[in-house]
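Coordinate inspection notes
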Amino acid sequence: MKSDDSEFRPVKAETILPTKTVGIECLKEANPETMSPHRNIFKWFARRPTAATRLALLASILPEDTTNDELLKLMCVGPNKKLSGSISDYVLQKYSTKDNRSGSIEEHFEYDYPHRRVPSENRLSEFHDTLREQWDGELPTVIDPTSGGGTIPLESLRYGLPTIANELNPVAWLLNKVILDYAPTVGSIESDVREWMEDIEAKVREELEEYFPKRNGIAPDHYYRAYSIKCPSCGERLPISNRWYFNRRRDAAIYPTLNEGELEFQVIDPSKTDTREGYDPSGGSVSGGDAECPFCEVVTERSEIVELFNNGEFEFEVCGVRYEKTIAGTKYHSPRKADKEAIQRAREKVDSDLRLSTLLATERYEGYYDRAVPYGVEQWRDVYSPRQLLTHATYLEAFEEVKADIIKQHSEKESELILILLSFISVKLIRRNSRLNPITADYGSPDNMLGNNNFSFQWHFGESNLMTGTYSYQSEADNVLESYEDTADYVDHIDDAADVHQGDAGDLPLEDASVQSVVIDPPYGDNIMYSEIADAFHVWLREYLGDIFVDAFGPPETNKTDEAVENPVIVNPEEGQSTAEAARERYENKMGDIFSEAFRVLQPGEH
């Protein structure tokens, strides 16, 4: 911003900042239990800590003569008491003694996590007065052109600033809409969502309970699933898994056997059970991609296994069941005939139903980090076993049955928010109920499908009963709704929503010189292929909300062409140029376009 004498007015960011203090705050917030609640509404892959976000935001708009203590107080860093030294000295001293504390981190530092607080109404008013003096009588407009999970625009909004968020990916854009648009304008909605949830759950139970048989009246929580192929050597069914432990801490392991030529699986305590020579539950039949038959000990090489899977010449196996409650001293049990029959009925249901037989029958984009396509996971429906697909489809169908009533009984914005949150609840559950999420050895529960930010084929996988248990529809709803309600409380003092755009950051729908501050934490090269991973959610959100948000979820997959990442798959190297070099060049050019566009919309002399 220029002053009357045509000199630029410097901002705080051009001075020495309390980065070490802010770094400590970021470390404190690193625990998932202490993160800002908006991150749990629908988890995005880039998680920007609140303290670093506030530092970048406030330092870009406050005058340069703002002291570090004044800045930290505005960031809600430091205790509400008079200190003998600086806030930075206090934080550093507390951090150095944190391991000797007797209470919680908050009790030790004597103040809450910054994301749980904003300055008081009076302090925010003083802050706005300071900004108006700096910015010729107006509050500066802040934009994040690549907003991702929305932390930067959320904090801008919480400080009462005119805020613009732009995000290319429709999944992240939808999360931004929730926290930046619906939360401040609609507010609390939990009771309405839960009312519709009851209808959905009732419909689902009526359809699905027969496919998840109880044992002694106790429902299954989840299953250990694996595969089998015909052993090319002995002709028996060769069980396929790279680890037989179901839960190492509970001494529960899978033990494959042959009974009159039939492959069977028992859940055993390996320390108390006589097993064949060579059996080790820490390993499995698969090692390095090759599989050794436990019955004839002949190895089938990876290339042959890949071919068999590609041709569909494998069977899904149910190897063990974990129940909600203890039965005969343990929750881990061998599968019964009823379990196998239920899985077969689910498969027949999927094959015979027209919609189920074609649901998600779209080709998957094979990205650079995709390790599933070579094993025949070529369509999005292939990511799931038949019963998993049936489960997710049943929740979708129940949602569709109440959708029209939701729209009819609520205002437009309320109905959209209810539909989004209901969709988030169901779609988040795919992370723990697919063929790509393994069983954790130490806890015996389904792991996160995208824990490594890629699609890795798993030699065994966890299947959840979404009607009950660890990763149920109800537990996910509690997570999503609690997180949304907390986020709505965070912006309860805000009257106006942010402007949320979905599109290319290199082509913003804004006028020249229309914003005063650009705060951006752009994608990091080849760290994460956001669009490739987000496709797993996009294809389901398209089924749920494609008719509501046509522009965002109309396309069958996310936009990869305009994404600012080093993606080797979408480049055509010039002669003498490697794929990695071409991808890096494309990324740098794309970031150049984004920065140029940010310069275009930024008022001359701004930051």
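Let me begin by describing the structure that accompanies this report.

Calculation notes
- Residues numbered from 1 in each chain as written.
- Predicted model: local features only at pLDDT ≥ 70, side-chain atom pairs only at ≥ 80, totals over all residues.
- Heavy atoms only, no water.
- Helix = DSSP H or I, 4+ residues; strand = E, 2+ residues; numbered from the N terminus.
- Buried < 20%, exposed > 50% of the residue type's maximum accessible area, 1.4 Å probe, protein only.
- Contact = heavy atoms within 4.5 Å.
- Areas by Shrake-Rupley, 256 points an atom, 1.4 Å probe, with all protein chains shown as cover.
- Axes fitted to C-alpha atoms, helices over the stretch in contact; angles between N-to-C directions.
- Nonpolar A, V, L, I, M, F, W, Y, C, P; charged D, E, K, R; others polar.
- Pairing = 2+ DSSP bridges.
- Left-handed = near helix turned anticlockwise from the far one by under 90°.
- 1 Å grid on protein atoms, 1.4 Å probe; cavity = no way out; pocket = protein on both sides within 12 Å on 5 of 7 lines; lining within 4 Å.
- Points joined across faces, edges and corners; volume = space filled by probe spheres on them.
- Arc of directions from axis to C-beta.
- Phe/Tyr/Trp six-rings, centres within 6.5 Å; stacked < 30°, edge-to-face > 60°.
- Core = buried A, V, L, I, M, F, W, Y, C linked by side-chain atoms within 4.5 Å.
- Polar contact = N/O pair within 3.5 Å; in protein donor to acceptor, adjacent residues only side chain to side chain.
- Disulfide = S-S within 2.5 Å.
- Salt bridge = Lys/Arg side-chain N within 4 Å of Asp/Glu carboxyl O.

Turning to the overall build of the chain, a few remarks are in order. When helices and strands are counted, the chain shows 18 helices and 17 strands. Principal axes of the C-alpha set define a box for the chain whose edges measure 95 × 60 × 55 Å. In the chain, which comprises 607 residues, the proportion classed as buried is 56%. Sequence-distant contacts, at least 24 apart, represent 73% of the contacts inside the chain between residues at least 6 apart. Element-wise, carbon and sulfur atoms account for 42% of the exposed surface of the chain, whose accessible area totals about 25,900 Å².

The backbone phi angle of Leu360 is positive, close to 60 degrees, even though this residue is not glycine. Here the phi dihedral of Asn453 falls at roughly 60 degrees; this positive angle occurs in a residue that is not glycine. Mapped onto the elements, Asn453 comes out in the loop between helix 14 (412–428) and strand 14 (455–456). Asn453 sits in the partly exposed class, given a relative accessible area of 27%.

A few words on the packing of helix 8 (residues 170–186) against helix 16 (residues 530–545). Taken N-terminus to C-terminus, the directions of helix 8 and helix 16 make an angle of 65 degrees; their axes are 9 Å apart at the nearest point. In this structure, helix 8 contributes Pro170, Val171 and Leu174 to the contact, and helix 16 contributes Ala534, Phe537, His538, Leu541 and Leu545. Split into classes, the residues belonging to the contact of helix 8 with helix 16 amount to 7 nonpolar, 1 polar and no charged.

Our focus in this paragraph is the sheet that holds strand 10 (residues 299–300). Read across the open sheet, the 3 strands follow the order 8-9-10; overall the sheet is antiparallel. Unpaired on one side and paired on the other, strand 8 (286–287) and strand 10 mark the two borders of the sheet. As defined by bridge partners, strand 8 adjoins strand 9 (residues 290–292) across 2 bridges and the pair is classed as antiparallel. Bridge pairing links Val286 to Ala291 in strand 9.

To continue, consider the packing of helix 9 (residues 190–208) against helix 13 (residues 386–409). Two quantities define a packed helix pair, namely the angle between the helix axes and the distance between the axes. Relative orientation of the contacting elements helix 9 and helix 13 amounts to 145 degrees, with a least axis distance of 9 Å. Remark: the crossing between helix 9 and helix 13 carries right-handed chirality. Where helix 9 approaches helix 13, its residues Trp196, Asp199, Ile200, Lys203, Val204, Glu207 and Leu208 are matched on the opposing element by Leu390, Thr391, Thr394, Tyr395, Ala398, Phe399, Glu401, Val402, Asp405, Ile406 and Gln409.

Of the strand pairs in this sheet, strand 6 (residues 252–259) and strand 7 (residues 262–268) are connected by 7 bridges, and their pairing is antiparallel. Paired with Ala253 across the strands is Ile268, a residue of strand 7. Counted between consecutive antiparallel strands, the loop separating strand 6 from strand 7 contains 2 residues, among which Glu260 sits at a positive phi close to 55 degrees.

Taken as a whole, this structure holds 5 cavities of 30 Å³ or more when the rule is applied. By volume, the largest cavity is sized at about 230 Å³. Looking at the lining of the largest cavity, the elements that each hand over two or more residues are helix 16 and helix 18 (579–601).

On to helix 4 (residues 87–96). All buried positions along helix 4 are accounted for by Ile87, Ser88, Tyr90, Val91 and Lys94. For helix 4, the angular spread of buried residues about the axis comes to 160 degrees, placing them on one side. Buried-residue contacts for helix 4 involve helix 1 (19–28), helix 3 (68–74) and helix 5 (105–109).

Take the packing of aromatic side chains next. Applying the stated rule across the entire model yields 31 aromatic pairs. Centroid distance Trp44 to Tyr530: 6.2 Å. Interplanar angle 15 degrees. Geometry classified as stacked. Residue Trp44 is located in the loop between helix 1 and helix 2 (50–59), and its partner Tyr530 is located in helix 16; the two are separated by 486 residues in the primary sequence. When its relative accessible area of 7% is taken as the criterion, Trp44 is described as buried. The buried category is assigned to Tyr530, whose relative accessible area is 8%.

In this section: the nonpolar core. Judged by nonpolar contacts, the single largest core of 114 residues is most densely connected at Val178, Leu421, Leu422 and Trp540. If sequence neighbours within four positions are ignored, Leu421 has contacts with Ile41, Val178, Ile189, Val193, Val480, Leu481 and Tyr484. Of all hydrophobic cores here, the second largest spans 32 residues; its members include Leu57, Leu58, Leu74 and Val91.

A few words now on the layout of surface pockets. Each pocket or cavity is described by its volume, and for the largest pocket that value is around 780 Å³. Looking at the largest pocket, it is lined by 31 residues, and the ones nearest its centre are Asn40, Lys43, Arg47, Arg431 and Asn479. Split into classes, the residues belonging to the lining of the largest pocket amount to 10 nonpolar, 11 polar and 10 charged.

Before going further, it helps to examine the environment of Tyr524. Mapped onto the elements, Tyr524 comes out in the loop between strand 17 (517–518) and helix 16. Sequence separation of Tyr524 and Gln379 is 145 residues, and the distance between their C-alpha atoms is 28 Å. Ignoring any residue separated from it by four or fewer positions in sequence, one finds Tyr524 in contact with Tyr530 and Tyr587. Within the structure, Tyr524 has its side chain in polar contact with the side chain of Asp521 (distance 2.3 Å).

All chains considered together, the criterion is met by 0 disulfides. A disulfide-free cysteine, Cys296 has its sulfur positioned 3.6 Å from the sulfur of Cys231, the nearest such atom. Residue classification places Cys296 among the partly exposed positions, given a relative accessible area of 25%. Of all cysteine sulfurs, the one in Cys293 lies closest to Cys319, which takes part in no disulfide; the gap is 15 Å. When its relative accessible area of 0% is taken as the criterion, Cys319 is described as buried.

On the secondary structure map, Ala552 appears in helix 17 (residues 550–553). Taking the C-alpha atoms as reference points, Ala552 and Cys231, separated by 321 residues in sequence, lie 47 Å from one another. Sequence-distant contacts of Ala552, defined by excluding residues within four places in its chain, comprise Pro170, Trp173, Gln502 and His538.

Oppositely charged side chains may form a pair once their charged atoms are brought near each other. Enumeration over the complete set of coordinates arrives at 41 salt bridges. Where Glu209 meets Arg205, a salt bridge forms, and the shortest distance between an N and an O atom there is 3.6 Å. Overall, Arg205 belongs to the partly exposed group, its relative accessible area being 33%. Between Asp447 and Arg432 there is a salt bridge; the shortest N-O distance is 3.9 Å. A residue pair is termed long-range when its members are at least 10 positions apart, and Asp447 in the loop between helix 14 and strand 14 and Arg432 in the loop between helix 14 and strand 14 qualify at 15 residues. For Asp447, a relative accessible area of 30% translates into the label partly exposed. In this structure, a network of salt bridges that share partners links the residues Arg54, Glu155 and Arg158.

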